[in-house]
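Fold and geometry: a report
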Amino acid sequence: LKLIAHSAGSVLGLLDDVVDTLREREIRVFSARRCIAYNVAEATIGTMIMLSRRWIDHVGNTRGGGWRNAEFTAGRQGLLGATVGLVSASAVGREVIALLAAFRTRVLVYDPYLTDYDAGALGVERVEDIDELFTASDFVSLHAPSIPATQNIVGKRQLDLLRDGAVFLNNSRGSVLDHDALTEAARAGRFQIALDVSTPEPLPADHPLRSMPNVHITPHTAGTGAYGYERIGETTVDAVESFFGGRPFDGEVDLSRWELYG
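Residues numbered from 1 in each chain as written. Predicted model: local features only at pLDDT ≥ 70, side-chain atom pairs only at ≥ 80, totals over all residues. Heavy atoms only, no water.

Time to look at the overall build of the protein chain. Across its full length, the protein chain holds 10 helices and 9 strands. Here the C-alpha atoms of the protein chain give a radius of gyration of 20 Å, agreeing with the 18 Å that 2.2 N^0.38 yields for 262 residues. When contacts within the protein chain are restricted to residue pairs at least 6 apart in sequence, long-range pairs at least 24 apart make up 68% of them. (Helix = DSSP H or I, 4+ residues; strand = E, 2+ residues; numbered from the N terminus. Rg over C-alpha atoms; globule rule 2.2 N^0.38 Å. Contact = heavy atoms within 4.5 Å.)

Quick look at the structure:
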């Protein structure tokens, strides 16, 4: 048996025909994507707090000579005690769940591949209908892979269901979100939006989402960070040592479920 270590956070660089060869030859593949997931999860939690507490608006107001603005403060739901909806219990989604434990949240997860048993082990509620998740949540965060089944999985119907004052984030892949529908919903200004990814990426300089006050775009940087980067090296070494020692290792890519990686 051979081991391929892939430490770039995603194994999608391997073509499908190469994957077939790997299966035939029983070559095992390692991915350090969970290390990048640590960084993305941190960015997700930070963004949830920042947008729900309207820090960007407060800072802009004080820089302009103002002080408290009731629009940004009155009765807003922060992360503590909130209902958080996660689309996908992916590697990132599970790290977000772990961090949310400190905030006494109710966590709903929409993921067709998540079993009731796994949901119970994670301490979350599994919902079978994505619309239910959007209706019930104060925060909705997307962490789904880019696969055919998730193409534009979030569109006008789901965005219309979001409650006023909600926070909506996409730190996964641009393809899971209908950007035309998001642009339409964003114009109403009902909820705060954070995008670290988009389709296309980057968005054109004159795209309306770039100039809306309730839309906050970062340049695909949620996965950056010293902590996760350092773990890449550590986990790769651990995987190699475990492989040659005949032991199982964390981060092995399940090639039988290749179509779910994205």
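Next up on the list: the sheet that holds strand E5 (residues 125-127). One open sheet holds the 7 strands; their spatial order is E5-E4-E3-E6-E7-E8-E9, and the pairing between them is parallel. Strands with a single pairing partner mark the edges of an open sheet, and in this sheet they are E5 and strand E9 (215-217). Looking at each pair of strands side by side, their axes are set apart by 20° on average, direction ignored. Direction of pairing for strand E7 (residues 167-170) relative to strand E8 (residues 192-195): parallel, over a ladder of 4 bridges. (Pairing = 2+ DSSP bridges. Axes fitted to C-alpha atoms, helices over the stretch in contact; angles between N-to-C directions.)

Side-chain alternation along E8 places Gln192 and Ala194 on one buried face and Ile193 and Leu195 on a second face that is also buried. Where E8 meets E9, 3 bridges bridge the pair, whose relative direction is parallel. For Leu195, the partnering residue across the bridge sits in E9 and is Ile217. (Buried < 20%, exposed > 50% of the residue type's maximum accessible area, 1.4 Å probe, protein only.)

A separate point is the packing of helix H2 (residues 33-52) against helix H10 (residues 226-244). Direction vectors running N to C along H2 and H10 enclose 165°, while the axes themselves pass 8 Å from each other. By the angle between their directions, the pair H2 and H10 is classed as roughly antiparallel. At the point where H2 passes H10, the crossing takes the right-handed sense. Taken together, the residues of H10 that come into contact with H2 (itself represented by Cys35, Ile36, Tyr38 and Asn39) are Tyr227, Gly228, Tyr229, Arg231, Ile232 and Thr235. (Parallel < 35°, antiparallel > 145°, perpendicular 65-115°, else oblique. Left-handed = near helix turned anticlockwise from the far one by under 90°.)

This part takes up the side chain of Ser172. Mapping Ser172 onto the fold places it in the loop between E7 and helix H9 (179-187). The class for Ser172 is buried, based on a relative accessible area of 6%. Those residues in contact with Ser172 that lie beyond four places of it in its chain are Leu142, His143, Ala144 and Val197.

Worth remembering: the numbers are spatial, not functional.
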